[in-house]
Amino acid sequence: MMRGGQAPLADIDAGVLGAAAGLFDAGATVSSMEIDAPVAGRALVVVVDDRTAHGGVDSLGPLVTELLTEAGFLVDASVSVQADEVEIRNALNTAVIGGVDLVISVGGTGMSPRDVTPEATSQVLDRELPGISEALRSSGRVAGSLDAGLSRGVAGVSGSTLVVNLPGTRSAIRDGMATLGPLASRVIGELSGLVE
């Protein structure tokens, strides 16, 4: 779904990836996704994980990408960053500046000192949407996911982009994406002026 006045998709994709590469240190990884035309909008995935950011195998980014694609999104990229507040904030800001409709971050929402994704995200948001975070935690608990129930993840709007934190486990991601689908569609529709 392209909003009026945006550059052609090829230009935006190159711009998002170029900006992402410029903002991250050599330890971060950025990979491009080649997917058919979007139905629900454009998305970017941010994986917050020290091992993945340093070249380890990324098992979460492909899962989120697959689920977003099934939901009709065009995924511009999956970006891996360290559990560092500045790197996370830069990745989120890059996605917002790139004009994506949805940014999903995974990981860094727990209680350890390295879990700083909610703090970084709050600095990027114009408005929080606590109902989305509450729905994600609630559905995760009902599904038996302790990680989802203990997540400090936040959700909100930055500019015209919906930003959502999910815990970094496969079960929490699967449940979270199932819960998020209709909520994200409504928010993106309202932000783009398609829903009155």
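Our subject is the structure that appears above.
Report on the accompanying structure.

Scoring rules and cut-offs
- Residues numbered from 1 in each chain as written.
- Predicted model: local features only at pLDDT ≥ 70, side-chain atom pairs only at ≥ 80, totals over all residues.
- Heavy atoms only, no water.
- Core = buried A, V, L, I, M, F, W, Y, C linked by side-chain atoms within 4.5 Å.
- Buried < 20%, exposed > 50% of the residue type's maximum accessible area, 1.4 Å probe, protein only.
- Helix = DSSP H or I, 4+ residues; strand = E, 2+ residues; numbered from the N terminus.
- Contact = heavy atoms within 4.5 Å.
- 1 Å grid on protein atoms, 1.4 Å probe; cavity = no way out; pocket = protein on both sides within 12 Å on 5 of 7 lines; lining within 4 Å.
- Points joined across faces, edges and corners; volume = space filled by probe spheres on them.

Core analysis: the largest hydrophobic core is formed by 27 residues, its most contacted members being Leu68, Leu102, Ile104 and Val164. Listed by contribution, the elements that provide at least two residues to this core are strand E2 (41-48), helix H3 (60-70), strand E3 (73-81), strand E4 (102-106), helix H6 (130-142), strand E6 (155-158), strand E7 (161-166) and helix H8 (170-191). When sequence neighbours within four positions are dropped, the list of residues in contact with Val164 reads Leu102, Val103, Ile104, Ser105, Leu136, Val154, Ala155 and Leu180. Judged by nonpolar contacts, the second largest core, of 20 residues, contains Ala95, Val100, Val124 and Val163.

A few words on the environment of Ala71. Checked against the element boundaries, Ala71 lands in the loop between H3 and E3. Separated by 114 residues in the primary sequence, Ala71 and Ser185 place their C-alpha atoms 9.6 Å from one another.

One pass over the structure, following the stated rule, counts 1 cavity of 30 Å³ or more. Looking at the largest cavity, its volume works out to about 80 Å³. Lining the largest cavity are Ser133, Leu136, Arg137, Ala148, Ser151, Gly153, Val154, Asn165, Leu166, Pro167, Ala172 and Gly176. Those elements that place two or more of their residues in the lining of the largest cavity are H6, E7 and H8.

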